[in-house]
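Summary of structural features
If you want the building blocks of each chain, they are given just below.
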Amino acid sequence: MPQSQAGGTSRLPRHVAVIMDGNGRWAQRRALPRHLGHRAGAKAVRATVEGCARRGIEALTVFAFSSENWQRPGEEVDRLMQLFVESIDKEIDELHANQIRVRFIGDLSRLRDGLPERIAAAEARTARNKRMTFYVAVSYGGRWDIVEAARRLARRAVAGKLDVAGIDEATFGAELQLHDAPEPDLFIRTGGDHRISNFLLWNLAYTELYFCDTLWPDFDDEALETALRQFARRQRRFGLTGAQAQGHE
Ligand code: IPE
Ligand code: IPE
Ligand code: MG
């Protein structure tokens, strides 16, 4: 059975994964340039990080920039990269003071302009923090993650260090970017679209999906609470019957 148990209705998720979508439309509605929507979006991240940590959630993963987002206009990409640099500089002291461990997942080899150094420093500085782990997915794609894992296993097999017959879901999962996190219990996508957009494809297998129309810059603690209440009402069955799942409570 997946790490979280079947059944149960009043439980807090251990791990929340969020697609923070709608920054561009938030800006457009105000006749502002898209990059100001991203700025407002970066500000909104704080409420969700604090809200999750305060409630005792163990892990929060946010999708900040996808593999496909590299194809956006160069100026928007540049502005976003600059915003990531500024956001790390601005937020890292407080994250550390709040005992939050920060980890970045994705194809970080594509990042430039001081970002890799800041990421390494932020991860090293917060590595021993225990209250919550905050995963930031940058240059991340779910398919990329799976292909990378396959590549690593293949390399070990070719080198004679891995018995192919021994590859199972656990060995595969151990090679994925979120190998050190519990499976996401709750997925949230803001911005009104109902799709996964190449986020955590493997890890979302049994995650409860929650979609809301709120644009990401407007997603506040009340919006988070609404998502958590809705999660608490769901019955997770993991393939079992409802009665079986209840027996697991
Ligand atoms: C999400 O907001 C942030 C990123 C993808 C970087 P969008 O920029 O996708 O906002 P919309 O979907 O165009 O409104
Ligand atoms: C998903 O949003 C990626 C992030 C929020 C970082 P997109 O706006 O890129 O997704 P699509 O293009 O609408 O599927
Ligand atoms: Mg979008």
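First things first, this report covers the structure right here in the doc. As the structure is a computational prediction, the values presented were derived from the model and not from experiment. (Residues numbered from 1 in each chain as written. Chains lettered and ligands numbered in written order. Predicted model: local features only at pLDDT ≥ 70, side-chain atom pairs only at ≥ 80, totals over all residues. Heavy atoms only, no water.)

1. What to know about the overall build of the chain
Helix and strand content of the chain: eight helices and six strands. Counting from the amino terminus, the chain carries its helices and strands in the arrangement β-α-α-β-α-β-α-β-α-α-β-β-α-α. Taken over the C-alpha trace, the chain has a radius of gyration of 19 Å; the compact-globule value for 249 residues is 18 Å, and the two agree within 12%. For the chain, the spread of C-alpha atoms along the three principal axes comes to 50 × 50 × 35 Å. The proportion of buried residues among the 249 residues of the chain is 48%. (Helix = DSSP H or I, 4+ residues; strand = E, 2+ residues; numbered from the N terminus. Rg over C-alpha atoms; globule rule 2.2 N^0.38 Å. Buried < 20%, exposed > 50% of the residue type's maximum accessible area, 1.4 Å probe, protein only.)

2. Structural notes on the sheet that holds strand S2 (residues 59-66)
On the basis of which strands lie adjacent, the open sheet formed by six strands has the order S3-S4-S2-S1-S5-S6 and parallel pairing. Lying at the two open borders of the sheet, with one neighbouring strand each, are strand S3 (100-105) and strand S6 (208-211). Ignoring strand direction, the axes of neighbouring strands in this sheet form an average angle of 20 degrees. Bridge analysis of S3 against strand S4 (residues 132-140) gives six bridges, and the strand direction is parallel. Bridging from a neighbouring strand, Ile-105 pairs with Ala-137 of S4. (Pairing = 2+ DSSP bridges. Axes fitted to C-alpha atoms, helices over the stretch in contact; angles between N-to-C directions.)

3. Considering the packing of helix H3 (residues 74-97) against helix H4 (residues 115-126)
Relative orientation of the contacting elements H3 and H4 amounts to 15 degrees, with a least axis distance of 10 Å. In terms of orientation, H3 lies roughly parallel with respect to H4. Of the two possible hands of crossing, H3 and H4 adopt the one that is left-handed. Seen from H3, the contacting residues are Met-81, Phe-84, Val-85, Ile-88, Asp-89, Ile-92, Asp-93 and His-96; seen from H4, they are Leu-115, Arg-118, Ile-119, Ala-122, Arg-125 and Thr-126. For the contact of H3 with H4, the per-class residue count stands at eight nonpolar, two polar and four charged. (Parallel < 35°, antiparallel > 145°, perpendicular 65-115°, else oblique. Left-handed = near helix turned anticlockwise from the far one by under 90°. Contact = heavy atoms within 4.5 Å. Nonpolar A, V, L, I, M, F, W, Y, C, P; charged D, E, K, R; others polar.)

4. What to know about the site of ligand 1
Taken together, Met-20, Asp-21, Gly-22, Asn-23, Gly-24, Arg-25, Arg-34, His-38, Ala-64, Asn-69, Arg-72 and Leu-80 make up the full set of residues adjacent to ligand 1. Between ligand 1 and Asp-21 there is a distance of 2.9 Å, counted from an oxygen atom to a side-chain nitrogen or oxygen. Side-chain polar atom of Arg-25 to an oxygen atom of ligand 1: 2.7 Å apart, as the coordinates give it. Of all the secondary-structure elements, those providing two or more residues to the shell around ligand 1 are helix H1 (23-29) and helix H2 (34-55). A total of three residues in the shell around ligand 1 trace back to one element, the largest contributor, which is H1. Looking at the shell around ligand 1 residue by residue, the class counts come to three nonpolar, five polar and four charged. (Near = heavy atom within 4 Å. Polar contact = N/O pair within 3.5 Å; in protein donor to acceptor, adjacent residues only side chain to side chain.)

5. Regarding the site of ligand 2
For ligand 2, the full set of nearby residues is Ile-19, Met-20, Asp-21, Phe-63, Ala-64, Phe-65, Asn-69, Arg-72, Arg-189, Arg-195 and Ser-197. Between ligand 2 and the protein, one listed contact pairs an oxygen atom with a side-chain N or O atom of Arg-72 at 3.3 Å. Bound to the protein, ligand 2 loses 78% of the 390 Å² it would expose on its own. The greatest single-element share of the shell around ligand 2, amounting to three residues, is contributed by S2. Here the shell around ligand 2 is built from residues that sort into five nonpolar, two polar and four charged. (Areas by Shrake-Rupley, 256 points an atom, 1.4 Å probe, with all protein chains shown as cover.)

6. Considering the packing of H2 against H3
Direction vectors running N to C along H2 and H3 enclose 30 degrees, while the axes themselves pass 10 Å from each other. Taken together, H2 and H3 sit at an angle that is classed as roughly parallel. For the pair H2 and H3, the sense of crossing is right-handed. On H3, the residues touching Arg-34, His-35, His-38, Arg-39, Ala-42, Arg-46, Val-49 and Glu-50 of H2 are Glu-76, Arg-79, Leu-80, Leu-83, Glu-86, Ser-87, Glu-91, Glu-94 and Leu-95.

7. Comments concerning the nonpolar core
The biggest cluster of nonpolar side chains holds 43 residues, and the ones touching the most others in it are Leu-60, Phe-134 and Ile-188. Apart from residues no more than four positions distant in its own chain, Phe-134 is found in contact with Val-45, Val-49, Leu-60, Val-62, Leu-95, Ile-100, Arg-101, Val-102 and Arg-103. Of all hydrophobic cores here, the second largest spans 14 residues; its members include Ala-17, Ile-19, Phe-63 and Leu-200. (Core = buried A, V, L, I, M, F, W, Y, C linked by side-chain atoms within 4.5 Å.)

8. A word on the pattern of salt bridges
Considering all chains together, one arrives at 26 salt bridges under this definition. Between Arg-229 and Glu-225 there is a salt bridge, with the nearest N and O atoms lying 3.4 Å from each other. Remark: Glu-225 and Arg-229 occur in helix H7 (residues 221-232); sequence separation between them is four residues, near one turn of the helix. By relative accessible area, which is 25% here, Glu-225 ends up partly exposed. Counted as one network, the salt bridges with shared partners bring together Asp-21, Arg-25, Arg-189, Asp-193 and Arg-195. (Salt bridge = Lys/Arg side-chain N within 4 Å of Asp/Glu carboxyl O.)

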